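# What the coordinates show
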Amino acid sequence: MKIEEIPLKGLVLAGGKSRRMQKDKGLLNYHGLPQREFAYRLLETVCDEVFLSVAKKLPEGAVHMKFLVDFEKGLGPIGALLTAFEYDPDSAWLVLACDMPLVGKSNLEELISKRNPQKPATAFLGEEGMPEPLFSIWEPNSFAPLKKAKESGKLSPRKLLATIGAELARPSDAGFLANANTPEDFKNLSASLGLGGQQ
């Protein structure tokens, strides 16, 4: 099937517990607004429709966003993807975690340019040579491997990408794949953006 025949929908991963950050990572401010909203708006520039992926209910202050609540708890990103495909199994899903504040429009366009709809997914290889599942495109034909991963208890999306024959590409610069999991990460990435992020 050709790319233009498969709708591309966006999924902002915002359902994590943020234990190491000690506060909701989706609310951190790197760009003048909560990161979950920045990521949502960013995906709107390239996707047909965008959803916020949440673990329980729509967070306060996000009433203007479409959302999907994980139908099964404790599965992490795999659960978010399964929920997305249960909602629409005929679209591809461009996933972006809310703890990746360096991802911008040019990075979205680069990922989309590498997209191979014949493969289950398309992802970049990070600086350590491992696929990055939390900024990636998952095609409709990844639904079956995702369900199998859930049934077998193998819930690492990174390991899944490495075993299902995904399209893996080296980005022009892997630095934008950095994620913020701790207060120190937040401070460092805010400084690198030069925008004075505020918690």
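For the structure given in this document, a descriptive report is provided here.

Criteria and cut-off values
- Residues numbered from 1 in each chain as written.
- Predicted model: local features only at pLDDT ≥ 70, side-chain atom pairs only at ≥ 80, totals over all residues.
- Heavy atoms only, no water.
- Helix = DSSP H or I, 4+ residues; strand = E, 2+ residues; numbered from the N terminus.
- Buried < 20%, exposed > 50% of the residue type's maximum accessible area, 1.4 Å probe, protein only.
- Contact = heavy atoms within 4.5 Å.
- Areas by Shrake-Rupley, 256 points an atom, 1.4 Å probe, with all protein chains shown as cover.
- 1 Å grid on protein atoms, 1.4 Å probe; cavity = no way out; pocket = protein on both sides within 12 Å on 5 of 7 lines; lining within 4 Å.
- Points joined across faces, edges and corners; volume = space filled by probe spheres on them.
- Nonpolar A, V, L, I, M, F, W, Y, C, P; charged D, E, K, R; others polar.
- Phe/Tyr/Trp six-rings, centres within 6.5 Å; stacked < 30°, edge-to-face > 60°.
- Lys NZ or Arg CZ within 6 Å of the ring centre and 35° of its normal.

### Observations concerning the overall build of the protein
Looking only at helices and strands, the protein has six helices and seven strands in total. Traced from its N-terminal end to its C-terminal end, the protein shows the element sequence β-α-β-β-α-β-α-β-β-α-α-β-α. Looking at the protein as a whole, 51% of its 199 residues are labelled buried. In the protein, once contacts between residues fewer than 6 apart in sequence are set aside, the share between residues at least 24 apart is 69%. Accessible surface, the protein as shown: approximately 9700 Å² in total, 50% of it carbon and sulfur.

### Observations regarding the layout of surface pockets
Empty space within the second largest pocket amounts to approximately 210 Å³. Taken together, Pro145, Lys148, Ala149, Ser152, Lys154, Ser156, Lys159, Leu160, Thr163 and Ile164 make up the full set of residues lining the second largest pocket. Put simply, the parts of the chain that give the lining of the second largest pocket at least two residues each are helix 4 (143-152) and helix 5 (157-163). Counting residues per element, the lining of the second largest pocket draws most heavily on helix 4, at four residues. In the lining of the second largest pocket, the residues fall into four nonpolar, three polar and three charged.

### Let's talk about the packing of aromatic side chains
A full pass over the atoms with the stated rule returns six aromatic pairs. Aromatic pair phenylalanine 124 and phenylalanine 135: ring centres 6.1 Å apart, planes at 40°, arrangement tilted. Linking phenylalanine 124 in strand 5 (residues 121-125) with phenylalanine 135 in strand 6 (residues 131-138), this pair joins segments that are eleven residues apart in sequence. Take phenylalanine 135: its relative accessible area is 0%, and that puts it in the buried class. Feature note: the residues Phe51, Tyr87 and Trp93 constitute an aromatic cluster, connected by ring pairs. Over the aromatic face of phenylalanine 143 sits the side chain of lysine 147, whose NZ or CZ is 4.4 Å from the ring centroid.

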